[in-house]
Amino acid sequence: MTLQIEEKILTAMLEHGRREEPNEACGYLATKDGVVGHHFELTNIDAAPDHYTMDPAEQFAAIRRMREEGLQVAAVYHTHPEAPARPSVEDIRLAHDPGMVYVIVSLMAGVDPIRAFKINRGEVAEVPLHVLAAR
């Protein structure tokens, strides 16, 4: 499996993360025809730099909007303001959906800023990203 994602979505996730610093930002990524071309910024109700909880009302609204627009949930994303883009122990512990892709966006300088993973019962597998340049 490869996650195909439009370059503008990568930029949008980084911008979202920078706006929320020093706390983690979070949201959903959605696909149409197999390409991530939409992101839904959600509120981290924990307002913490080392973990996040998505606002449940915003989650339901985002899923409803995706369905109305013919989109499918492709991934959950969140930022790591001061850590690399890899799952933390807490990320692994809280990953309850083995079918979900988890995208992590690092705001640190000098590291790969965006990586994707599948997490199943504590086992982490990286999902390759294929970035589609703007047209």
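A brief structural summary. Just so it is clear, the model here is predicted, and its values are computed rather than measured.

**A word on the overall build of the protein**
No. 1: Of regular secondary structure, the protein possesses three helices and eight strands.
No. 2: Along the chain direction, N to C, the helices and strands of the protein fall in the order β-α-β-β-α-β-α-β-β-β-β.
No. 3: Compactness check: the protein gives a C-alpha radius of gyration of 14 Å against a globular reference of 14 Å for 135 residues, within 12% of the reference.
No. 4: When each of the 135 residues of the protein is scored for burial, the buried share is 42%.
No. 5: Counting only contacts in the protein whose residues sit at least 6 apart along the sequence, the fraction spanning at least 24 positions is 62%.

**Some details on the pattern of salt bridges**
If charged atoms from side chains of opposite charge come close, those side chains can pair.
No. 1: Following the criterion strictly, the structure yields four salt bridges and no others.
No. 2: For glutamate 6, the salt bridge goes to lysine 8, with nearest N and O atoms at 3.4 Å.
No. 3: Under the relative-accessibility criterion, glutamate 6 is labelled partly exposed at 25%.
No. 4: Among the ionic pairs, arginine 115 bridges to glutamate 126, the shortest N-O distance being 2.8 Å. Here arginine 115, found in strand β6 (residues 114-120), pairs with glutamate 126, found in strand β7 (residues 123-127); they are eleven residues apart in sequence, far enough to count as distant.
No. 5: Note on glutamate 126: relative accessible area 46%, which makes it partly exposed.

**A word on the pairing of strand β1 (residues 3-6)**
No. 1: Going residue by residue along β1, you find Leu3 and Ile5 tucked away on one face and Gln4 and Glu6 left uncovered on the opposite face.
No. 2: As defined by bridge partners, β1 adjoins strand β8 (residues 129-132) across four bridges and the pair is classed as parallel. In the sheet register, leucine 3 faces β8, and the bridge partner there is leucine 129.
No. 3: For β1 and strand β3 (residues 35-42), the ladder comprises two bridges, and the chain directions are parallel. Paired with glutamine 4 across the strands is valine 35, a residue of β3.

**A look at the sheet that holds β6**
Hydrogen bonds along the backbone pair up the strands of a sheet, which may run parallel or antiparallel.
No. 1: One open sheet accounts for eight strands, arranged β7-β6-β5-β4-β2-β3-β1-β8; its pairing is mixed. Of all the strands in the sheet, the pair left with one neighbour each is β7 and β8. Ignoring strand direction, the axes of neighbouring strands in this sheet form an average angle of 40°.
No. 2: Summarising the sheet, strand β5 (residues 101-106) and β6 pair through five bridges and their orientation is antiparallel. When the bridges of β6 are listed, tyrosine 102 appears paired with phenylalanine 117.
No. 3: Along the sheet face, helix α1 (residues 7-20) touches β1, β2 (26-32), β3, β4 (72-80), β5, β6 and β8 and points at about 15° away from the line of β3.
No. 4: Where helix α2 (residues 56-68) meets the sheet, it contacts β2, β3 and β4, and its direction lies at approximately 150° from that of β3.

Conventions and cut-offs
- Per chain, residues are indexed from 1 in the order of the written sequence.
- In view of the model being predicted, local features appear only for residues whose pLDDT reaches at least 70, and side-chain atom pairs are presented and counted only at 80 or more, with totals across whole chains, interfaces and linings using the full set of residues.
- Note that the side-chain values use all heavy atoms of the structure and ignore hydrogens as well as water.
- Strands are runs of DSSP state E lasting at least 2 residues, helices are runs of H or I lasting at least 4, and numbering of each runs from the N terminus.
- Put simply, the radius of gyration uses C-alpha atoms, and a globule should come to 2.2 Å times the residue count raised to 0.38.
- Buried means the residue's accessible area, taken with a 1.4 Å probe over protein chains only, is under 20% of the maximum for its type, while exposed means over 50%, and partly exposed covers the values in between.
- Contacts are assigned to residue pairs with any non-hydrogen atoms lying within 4.5 Å of each other.
- When a carboxyl oxygen of Asp or Glu lies within 4 Å of a side-chain nitrogen of Lys or Arg, that pair is called a salt bridge.
- At least two bridges found by DSSP between two strands are what make those strands a pair.
- Here, axes are lines fitted to C-alpha atoms. For helices the fit covers the stretch in contact, and angles between N-to-C directions go from 0 to 180 degrees.

Treat this as a map of the structure, not an account of what it does.
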